[in-house]
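# Summary of structural features
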Amino acid sequence: MVELVWLIPALPLIGFVLLLVAGNLLGEPRAGWIATIAAGASFLVTLTVFVGLLGRDSHSGERSYELVLFEWLPAGSLQVDAGFLVDPLSVTMALFVTGVGALIHLYSIGYMHGDPKYSKFFLYLNLFLFSMLMLVFGNNLVVTFLGWEGVGACSYFLISFWHHRESAATAGKKAFVTNRVGDWGFMVATFAIWSALGTVTYTEIAKSPAMAATTGTAVSLLLLVAAAGKSAQLPLSVWLPDAMEGPTPVSAMVHAATMVTSGVYLLVRMNNVLTDDALIVIAVVGAATALFAALCAVAQHDIKKVLAYSTISQLGYMFLAIGSGAYVAAIFHVITHAFFKALLFLGSGSVIHGMGDEQDMRKMGALRLAMPITAATFIAGWLAIAGVPPFAGFWSKDEILLAAWEQKNIGPLLWFVGLITALLTAYYMSRQVFLVFFGDQRWDEEAHPHESSWTMTTPLCILAGAAIIGGAINLPLVKDWLVLEHFLEPVFNHPHQFSSGTTTKVALAVISVCAGLAGISIAILSWLTRRIPTDRLEPEFLENAMHVDSTYARVVAGIGTTGFQAAADIDKQIVDGAVNGVGKLTMRMAQFIRPAQSGYIRNYAIGVAVGALAIVVLLTWGLLL
Amino acid sequence: MIELFASQNASSFPVLNAMIIVPAMGALVVVLLPNSRPEMMRPIGAIFASIAAAMSLYVMTQFSSHDAAFQFESIQSWIPALGINWHVGVDGISLWLVVLTGLITPIVLLGVDPHHDPKPYTAWLLLLQAGSFGAFLALDLFLFFVMFEIVLVPMYMLIGGWGYEDRRYAATKFFLYTMAGSALMLVAIVSVATLSAGDQGITFSVIELAERQALSTNTARLCFLAFALAFIIKVPVFPMHTWLPDAHTQAPTAGSVVLAAVMLKLGTYGLLRFGLYLFPEASVWSAPTLATLGVIGVIYGAIVAAMQKDLKRLVAYSSVAHMGFIVLGIFAFTTQSLEGGVLQMVNHGLSTGALFLLVGMLYERRKTRAIEELSGIQSAAPIFAGFFTIVMLSSIGVPGLNGFVGEFLVLIGSYETRRWWTIIAAAGVILAALYLLWAYQRVFHGEPTPTDEATPDLTLREGLILAPFVAGILFLGIYPKPLLDRIEPAVDVLIAHIEDHSDYERPSPAAPVVVDLDQLGEDGH
């Protein structure tokens, strides 16, 4: 059954081609349904492949299946195939990508209702899903890069979907260009790996011996650059908050659940080449990003901006997990995060939709009465991300904090940063829930908030269910319940082992739960019961994301533009100036000797005489010598 | 010494000669047509150009894929006293450029309206096709020089006769600049032929001269520099590039397309065929400098492109950047980098050619190329914007489209021998996205003004003109193997030739999956 893997990306590709050819003819809602069916069918095939993989023996290496379609870039000793790799990691990723993806397709049918470019939206969604699946299933770095760039291009299309808005067009461009910085890292890493190992195929890289220490660390750091671009880690995080200019289903699918986790996927996929030195850097980047973004989320007013910074922060957790060597924990959090963050984004979309495109939380409040399903599902997502047991987020976050604690060099520090982030996460998410769904009504009566249609609420309910019980895929209570960990085991050469005793584990879990509850309590006191004055809880410094973005913008607009303009001026004045100068010089010299051609016979006669004399003199002189 | 009457392939019909002669004859026929029938000129010209195109496709299908030698060779004695022959042949390096030349000419001839004087326009375009075929196929230095110079004339006439406001300045600059470069090449050609004569007699045969390697090191280096100068002006390589933006911007659309797709390739092709092949030692000697200039071109071209206010000028500067990749690949001397370089010549022809067509179509609608005078075109002309997007992504180098394949092979191959150059050149991919997306945003995104709103969308005819380009962009992006298979043998032989005649040794590839840990760190040699 695993042989069907090609069908998984092929289905959304077929959907894309159908919509490209006949999208406008199909119109609303048929175009949306076709895209959704393509995504749903892709999920069903993924399930089939998953079952097929489960049927294979996990210990004899049979749970790794490669399907080569054709040779893509054969050049000398370089062999790049258009091939797929089916193994526990790719199937795990594909399951939630297609599953959550299909739900968001369904949701979009209602959300995009009435948009003049309705079919085009679904065309991009299907192309995105295809690219994402190529990224996940590629059996070598170059096919993954194909998907990597494909999702980047789709992200560009989708962010600037409403491109008549200047801000949307700029945000799309910014996302693409920032991602390209990461792509540079990806490309150079690929070159270095091929140069050192002679292969770009994952299964062969996994079997290769370790690279020389410096090469290995360099490659690891280049992969980190790549991953930081796609997964919006510091210092390349600036594009993600702006990406919220795209329609909300896009934010949920591309910029929360799937695409942004591909950096995590890449690092986990390449776990065999990551060196210990590089892992520390990854952990520090992850922890710093987690804290930075959580602080920024505290002071946002836009309902989607809170979630955007929250996404960056949660991705930071995943990088922290990788840096601590806990790859399974990272993937576990990727999955639970996909559930609850997609849920929260779709919930926010439902709110925005119901409020008539209002995104400012200061103009919301008490919406639980008008939108009961949205509110109830949003609350499930909130509890999951806040780390309240037994919701999904608790289990995965707890595992990351434990791994951070056990990190060899700076474990306790990483853990502490993670803990503070957990507290902040619980706080800002509670603030959001209270501002949007509780408290006083701060909107005008004309807003007429209403519950959304069934195509939008059904995905909310399914995702809420997943956010509640999703942790069950990897429960640490009994060893046999670590389903995900056992399933993913064959992917890693050196599976991560937790060394702490039960007492430590329980103590850490209790502390992190307390941190979450503390965050929620502060939020209750300040935003629900208003016991704590809130006027100083939204400092401008944090609202402006510590001015990182504006500093970049100033550098690009200032030094960047000046430098670029200087280059253009040099090209015009000096490089081309020299060329025109040669032309002018020739003309000038011609002017100088032009009088010689005066047209007077006597002048020419003198010339001939002088010339003849000179020749005679020269010849005589030559003979004498 | 020279295989006379050699025709290696089964058919004895000298198809390569016919490819050069048919469009030239076509030019003659068009000139003889009565002036009273202007509407006949382009269709009749297109028939001749299409026959030549069909012959180039025939050569493509009959080309033996795993053969490094020259195929379809044909030799006729021309000036026996000087050992000059009409000697043509095709190998994996020239094959795809020949096919590109063949296909592009009829498309632009039919697709782009000259607006006035269709007779000379058609004739010049046909002569351009004939000359370009000749330059790519010539295996005799004298013949090559003649063809290399001949193509200047029609392009000069096209720019000067059908170009935009500054056409005279641009045409003169183009002609004088490139002519100045080739003057020294003529000296070098004569020097190489006479100095290599020895006991075996004088010859202008490229194959023969490459085998003899009779020149002393210093002479060879001087001659190489003379050749290289002519070619790097043609490519153009920084800092010899400033004729290009003027020529491209002022040329009529057909001129820009052929200039980008075909004529710039004469430079990179010349570096490969005559630089590396005739002067292997000098090539290795000069490689660090030329690779550096190529990389400067990649970064510099992109930066200057970003600041352009004229859309066509922006595309012209993007050419400087793209051609820089090819130069890097050529002077990295690895199988992948050279294969990528040859492939990138074709890729650049497709994507930049298509970009010029698109900008030309936009000009036809709006009578402006100024970026700031355009806005929101995507709302007014979504299909046009869609085509532009695909071509733009190809130019940016997004995988799945052709641009990536060439760039990736150039870079991964160059990484082996020119590591730091490659790392810097790879940053060009960031800049390519920057200048193209920025231009796209200003022209296609945003609110359309009423004038923008009235911009008509792509017509069926225009779609049909662009379709072959887009088909090529997709095909080469997904399945470049048929091309790579045919390029590889020729490229490998060329590298082996360089190894034989210089101290260069290509890096031995790392073995995929090293089983034994002890083998680590060894070179394998």
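Provided above is the structure to which this section pertains.
Right, let's walk through the structure included here. (Residues numbered from 1 in each chain as written. Chains lettered and ligands numbered in written order. Predicted model: local features only at pLDDT ≥ 70, side-chain atom pairs only at ≥ 80, totals over all residues. Heavy atoms only, no water.)

Okay, the packing of aromatic side chains next. Under the criterion given, the structure shown has 50 aromatic pairs over all chains. Look at Tyr164(B) and Tyr363(B): their rings are 4.7 Å apart centre to centre, the planes differ by 55 degrees, and that puts the pair in the tilted class. Of this pair, Tyr164(B) sits in the loop between α6 (152-162) and α7 (167-195) while Tyr363(B) is found in helix α14 (residues 335-366), placing the two residues 199 residues apart along the sequence. One aromatic cluster in this structure is built from Tyr118(A), Phe121(A), Phe122(A), Tyr124(A), Tyr156(A), Phe157(A), Phe161(A), Trp162(A) and Phe176(A). In this arrangement the basic side chain of Arg442(B) is found over the ring face of Trp438(B), its NZ or CZ atom lying 3.9 Å from the centre. (Phe/Tyr/Trp six-rings, centres within 6.5 Å; stacked < 30°, edge-to-face > 60°. Helix = DSSP H or I, 4+ residues; strand = E, 2+ residues; numbered from the N terminus. Lys NZ or Arg CZ within 6 Å of the ring centre and 35° of its normal.)

Moving on, we get to empty space enclosed by the protein. Residue and element names in this part refer to chain B. The final tally for this structure, using the stated rule, is 5 cavities of 30 Å³ or more. Roughly 60 Å³ of volume is contained in the largest cavity. Considering the residues around the largest cavity, the lining is formed by 13 residues, among which His322, Phe325, Gly428, Ala432 and Tyr435 are closest to the centre. For the lining of the largest cavity, the secondary-structure elements that each account for two or more residues are α12 (280-306), α13 (311-330), α16 (382-396) and α19 (428-444). (1 Å grid on protein atoms, 1.4 Å probe; cavity = no way out; pocket = protein on both sides within 12 Å on 5 of 7 lines; lining within 4 Å. Points joined across faces, edges and corners; volume = space filled by probe spheres on them.)

So, about the interface of chain B and chain A. For interface size, the figure often reported is the accessible area lost on association. On the side of chain A, 55 residues touch chain B, which itself brings 69 residues to the contact. Summing both partners gives a buried area of about 5,400 Å² for chain B against chain A, and 70% of it is carried by carbon and sulfur. For Lys481(B), the salt bridge is made with Glu71(A), and the minimal N-O distance between the two is 3.2 Å. Our enumeration of links across chain B and chain A arrives at 19 residue pairs in polar contact (both at pLDDT 80 or more). In terms of residue count, the dominant contributor to the side of chain B that touches chain A is α19(B) (10 residues). (Contact = heavy atoms within 4.5 Å. Buried area = accessible area lost by both parts, 1.4 Å probe. Salt bridge = Lys/Arg side-chain N within 4 Å of Asp/Glu carboxyl O. Polar contact = N/O pair within 3.5 Å; in protein donor to acceptor, adjacent residues only side chain to side chain.)

Of all hydrophobic cores here, the largest spans 423 residues; its most connected members are Trp72(A), Ile322(A), Phe227(B), Phe279(B) and Phe331(B). Here this core takes 18 residues from helix α14 (residues 327-354) of chain A, the largest share from any one element. (Core = buried A, V, L, I, M, F, W, Y, C linked by side-chain atoms within 4.5 Å. Buried < 20%, exposed > 50% of the residue type's maximum accessible area, 1.4 Å probe, protein only.)

Time to look at the packing of helix α13 (residues 303-323) of chain A against α14(A). All names here are of chain A. Put simply, α13 and α14 touch, their axes get as near as 9 Å, and they point 175 degrees apart. In terms of orientation, α13 lies roughly antiparallel with respect to α14. Broken down by class, the residue content of the contact of α13 with α14 amounts to 16 nonpolar, 6 polar and 2 charged. (Axes fitted to C-alpha atoms, helices over the stretch in contact; angles between N-to-C directions. Parallel < 35°, antiparallel > 145°, perpendicular 65-115°, else oblique. Nonpolar A, V, L, I, M, F, W, Y, C, P; charged D, E, K, R; others polar.)

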